[in-house]
Every structure is written in C-alpha cells, then in structure tokens.
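Take a look at the letters that make up each chain.
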Amino acid sequence: MRLFLWLLALMAAAIGIAVTARFNPGNVVLFYPPYRMDLSLNFFVVLMVALFLLLYAVTRAVRATMRMPARVAEYRQRKRERDGNKGLRDALKALFEGRFGHAEKAALRAAELPENAGVAALIGARAAHRMRQQARRDQWVARIADDPAMKTARLMTMTELLVDDHQPEAALAAVRELNASGTRHIHALQWSLKAEQQAKNWPEVLRLVRSLDKHKALHPALSARLRELAYNDLLSNKAHDAESLMRVWSTIPSNDRVKPVVACRAATALNARGLHDEARLVAEESLKANWDERVIRAYRDAAAPAGSGALLAQIEHCEAWLLERPNDAELALTLGSLCLKQKLWGKAQRYLEQALSDATDPPMVREAHLKLAQLHEALQQPEAAANHYRQCALATIL
C-alpha cells in the first residue's frame, strides 16, 4: 500500500511538472563579454537540479572517503566484540558441559576483548583447575591480579579452587585479603568454614558455624556434625590439663553439652584426668536429655570410690533407669559393675548375668565375663572364676 501511494505521488508530480513546463515561455541569458548564452527557463532549472545532484554526489563521495578509516576501525571493533562475545558464550557453555579443554580455548578467544578479559580469565582458571593444571590456573588468575574491578571475584574463585585443591593455608590467605577489603557475605563465610575445617582450626570452625547458623546458611544436620567434630577435637586434645579442660567445657553452650557425642567425649576426657565427679555430672545431664550407650559406658568408667555416697547415688540412678529400660544390656553391665565395686555380690551377679544374656556386642560379652570372673574370685569360687576367665579369653579371640 505504501509503495502504491509513492508511485501515485511521483506520477502526480511528473504530470504537474510537465504541464507547468509546457506553458512556461521564460528564458535565461548568461552574459560574459564578449560571450552570450541564451537558455530556456525549463532547461536552466533542469541544469541547476542536475548540478546540485552532482555536487551532492561528489560531497557524499568525499565524506565517505574521509570516513573510511574510522568505518574500517569500527567494523574491526564490531568483529572483535562479536568474536569475543561468542568466545565467552562458548567458554561458559563448554565449562558447564564439562569440556574443560574447549572451555579454556574459548576463554583465550574471549580474552582478546578487553571488556571480557576478567570473566574469561576466571573461566580459564576454573577450566585449568578441573584439568589439574595448577600452573595454568595461576597464570589465568595472574592476568587480572591488578584489576580492582575483578578483585572480589578473583579472591572468591581462588578461595574455592584452593579449598578444592586442599590448600587451606593459601585459601585462608585469600579470605583474609577479601575481608581486608571490607567484603563479607555468606558465600565467603561458607568457603572460609571449609578452609578452616581442612586446616583443623576448630575454634574458628565453631565461630563460623555459629555465624552461619544465625543466617540459616547451613543445613541443621551439617551444623550439628561440624559442632560435634569441633568439640571432639577440642576435648580430645592431650595438651589440656584438668583446669584448661574445664575452661573449654565452660565455653560449650548448654544445649550442645547434652548431646551424646559431646557428653561422651567430655566424660572420657574428664575421667582421663581424674575428674570423675565432673564426668558423672556430665553423663547424668546428657542421659536425662538423650539416652545413649556410649554415655553409659563413660558413666561406668566414672564410678565413685567404694563405700562413698556418690557410688550409692550412681547405683540408685542406674536402678531407676533399669526400670525404664529392663532389656538394656549396657545399663545392666554398668549397674553390675557398680554393685561389684560396692561389694553388693548378689545384685552384682544378677545384673552381670542379665547383661551377659542380653549382650550381642563381643566387647560387652568380654567385659561381662571378666566382671563375673572377678566376682567369683572375690567369693572364693575358683572354678566359676576360671570358667568366666576362659569365656572372656574366647570372646577376645572371636
């Protein structure tokens, strides 16, 4: 429709010009002595229009010629941008596909464009890292070491890659540099946590876990496991004496103290340093919140001296627990051992035989036989004692 209207307008203009020119008798005289030139007005108008078009064409040609270098430069720049952006897209696609060699080659093409050099270097570093080419990875990162705009991205990438490469000290150095620049966010804390865990810096692991828990950035199961590992290492440190161990224990939150793994490790460490009263309190608090056989074993090892009120209190606690758990072999073994220490021979024999009948774990069977052998030996029953010693030896071999 638009073409039809243009044709109609041109035809109307042509007709108008033809009619006007037919009835135009005017002429133009160009006089320059001794020369004279007579032209019709119509021819003169056509000549002026042709001259104008010629001048316009010459001007456009000159301008186009003068702009040619700039246009060539623009074309080359557009081509570089097109090739660089295509290389960046190809590099990302190959990286996500797991074709790391192709990704690194495409990153080289993308890096030819200055605007893409930073991102292309990070892609190339990741690709080289996945191919276990640490030297090439470091070369890629070195390309953007002086680029302030890529500092955060560079440090975060290096932290992740170094943690994956099990170089926690280097990763922590990158984290410290990142923190010095004032950048603190959740992802950086998560990678810091992994680096501190690899470095076995458990106090810092605990601090980071608590910080991430506030932001709900850790799965509860992972958080609990990391806390247990940290507490286990802190409480198992043989460099602690009784006083320093109690200081460590006082820093543990109350809700973590009653967890079986933590309580068992703490009670074991306290028993090893002769703090049996404290070990019993730790075990009893934990057993009130969460029943666990490991804590019962630590409670058995924390037995008070024979004839003391504390030992009688332990026996009472165990008898009350046994009413709630009549088939618990570990509890029966503990109660029998405490009664044996208190020289309650009848109760000791009854509970130890109950533990022996319910036990399925070879170490528990061996300990029950050993306690029964000691009991019969104390009662001057050498044949029964010898029999249990023999059964204990067989359980040890099996």
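All values derive from a computational prediction rather than experimental measurement. (Residues numbered from 1 in each chain as written. Predicted model: local features only at pLDDT ≥ 70, side-chain atom pairs only at ≥ 80, totals over all residues. Heavy atoms only, no water.)

Undergrad: Go over the overall build of the chain with me, naming the residues and quoting the values.
TA: Along the backbone of the chain there are 20 helices and two strands. For 398 residues, the compact-globule estimate of 2.2 N^0.38 gives 21 Å, and the C-alpha radius of gyration of the chain, at 46 Å, exceeds that figure by more than 25%. Projecting the C-alpha coordinates of the chain onto the three principal axes gives extents of approximately 160 × 45 × 40 Å. Relative to its full complement of 398 residues, the chain shows a buried share of 36%. If you take every contact in the chain between residues at least 6 apart in sequence, the share linking residues at least 24 apart comes to 51%. For the chain, the computed accessible surface area is about 24000 Å², with 59% contributed by carbon and sulfur atoms. Here the chain contributes 55 positively and 43 negatively charged side chains, and the mean placements of these two sets differ by 13 Å. (Helix = DSSP H or I, 4+ residues; strand = E, 2+ residues; numbered from the N terminus. Rg over C-alpha atoms; globule rule 2.2 N^0.38 Å. Buried < 20%, exposed > 50% of the residue type's maximum accessible area, 1.4 Å probe, protein only. Contact = heavy atoms within 4.5 Å. Areas by Shrake-Rupley, 256 points an atom, 1.4 Å probe, with all protein chains shown as cover. Lys, Arg positive; Asp, Glu negative; His and termini not counted. Charge placed at Lys NZ, Arg CZ, Asp CG, Glu CD.)

Undergrad: Requested: an account of the packing of helix α17 (residues 329-341) against helix α18 (residues 345-358), with residues and values cited.
TA: At their nearest, the axes of α17 and α18 sit 8 Å apart, and the two run at 155 degrees to each other. Considering their axes alone, α17 and α18 lie roughly antiparallel with respect to each other. The element α17 and its partner α18 pack so that their crossing is left-handed. Counted together, A329, A332, L333, L335, G336, S337, C339 and L340 of α17 and W345, K347, A348, Y351, L352, Q354, A355 and D358 of α18 form the full contact between these two elements. In the contact of α17 with α18, the residues fall into 11 nonpolar, three polar and two charged. (Axes fitted to C-alpha atoms, helices over the stretch in contact; angles between N-to-C directions. Parallel < 35°, antiparallel > 145°, perpendicular 65-115°, else oblique. Left-handed = near helix turned anticlockwise from the far one by under 90°. Nonpolar A, V, L, I, M, F, W, Y, C, P; charged D, E, K, R; others polar.)

Undergrad: Give a description of the pattern of salt bridges that names residues and reports values.
TA: Under the counting rule described, the total for this entry stands at 27 salt bridges. E97 serves as the salt-bridge partner of R99, at 2.8 Å between the closest nitrogen and oxygen. For R99, a relative accessible area of 38% puts it in the partly exposed group. A relative accessible area of 42% places E97 in the partly exposed class. A salt bridge links E204 to R207; the nearest nitrogen and oxygen atoms lie 2.5 Å apart. Taken together, the residues span about one helical turn, with E204 and R207 both in helix α9 (residues 202-214) at a distance of three residues. Each of R130, R132, R137, D138, D164 and D165 takes part in salt bridges that share partners, so that together they form one network. (Salt bridge = Lys/Arg side-chain N within 4 Å of Asp/Glu carboxyl O.)

Undergrad: So what about helix α19 (residues 362-378)? Which residues, and what values?
TA: Between the first and last C-alpha of α19 there are 24 Å, a value that for 17 residues agrees with the 24 Å anticipated at 1.5 Å per step. Turning to α19, its buried residues are M364, V365, A368, H369, L372, A373, L375 and H376. Taken from the residues just after α19, Q380 is the one with a positive phi, measuring 60 degrees. (Expected span 1.5 Å × (residues − 1).)

Undergrad: Give me the lowdown on the UniProt feature "transmembrane region" (unreviewed entry) in the chain, citing residues and values where you can.
TA: In the UniProt entry, the feature "transmembrane region" (unreviewed entry) is given for residues 39-58. Along residues 39-58 the backbone is 90% helical and 10% strand, and the end-to-end C-alpha distance reaches 26 Å. (UniProt positions renumbered as here; feature names shortened; annotations may be inferred.)

Undergrad: Got a sec to walk through the side chain of R137? Specific residues and values, please.
TA: Turning to its location among the elements, R137 is positioned in helix α5 (residues 134-142). A polar contact of 3.1 Å, which involves the side chain of R137, links it to the side chain of H129. Sequence-distant contacts of R137, defined by excluding residues within four places in its chain, comprise A125, A128, H129, M158, L161, L162, D165 and Q167. (Polar contact = N/O pair within 3.5 Å; in protein donor to acceptor, adjacent residues only side chain to side chain.)

Undergrad: Give me the confidence of the model for the chain: which residues, what numbers.
TA: Averaged over all residues, the pLDDT of the chain equals 87, while 96% of them reach at least 70. Helix α4 (residues 117-130) holds the highest mean pLDDT among the elements of the chain, 93, whereas helix α1 (residues 2-22) holds the lowest, 72. (pLDDT = per-residue confidence, 0-100.)

Undergrad: I'd like a description of the layout of surface pockets, backed by residues and values.
TA: Of the voids in this model, the largest pocket is the one considered here, and its volume is about 160 Å³. For the largest pocket, the lining is made up of 13 residues, of which V175, N179, S192, E204 and R207 are closest to its centre. Considering only residue class, the lining of the largest pocket consists of five nonpolar, three polar and five charged. (1 Å grid on protein atoms, 1.4 Å probe; cavity = no way out; pocket = protein on both sides within 12 Å on 5 of 7 lines; lining within 4 Å. Points joined across faces, edges and corners; volume = space filled by probe spheres on them.)

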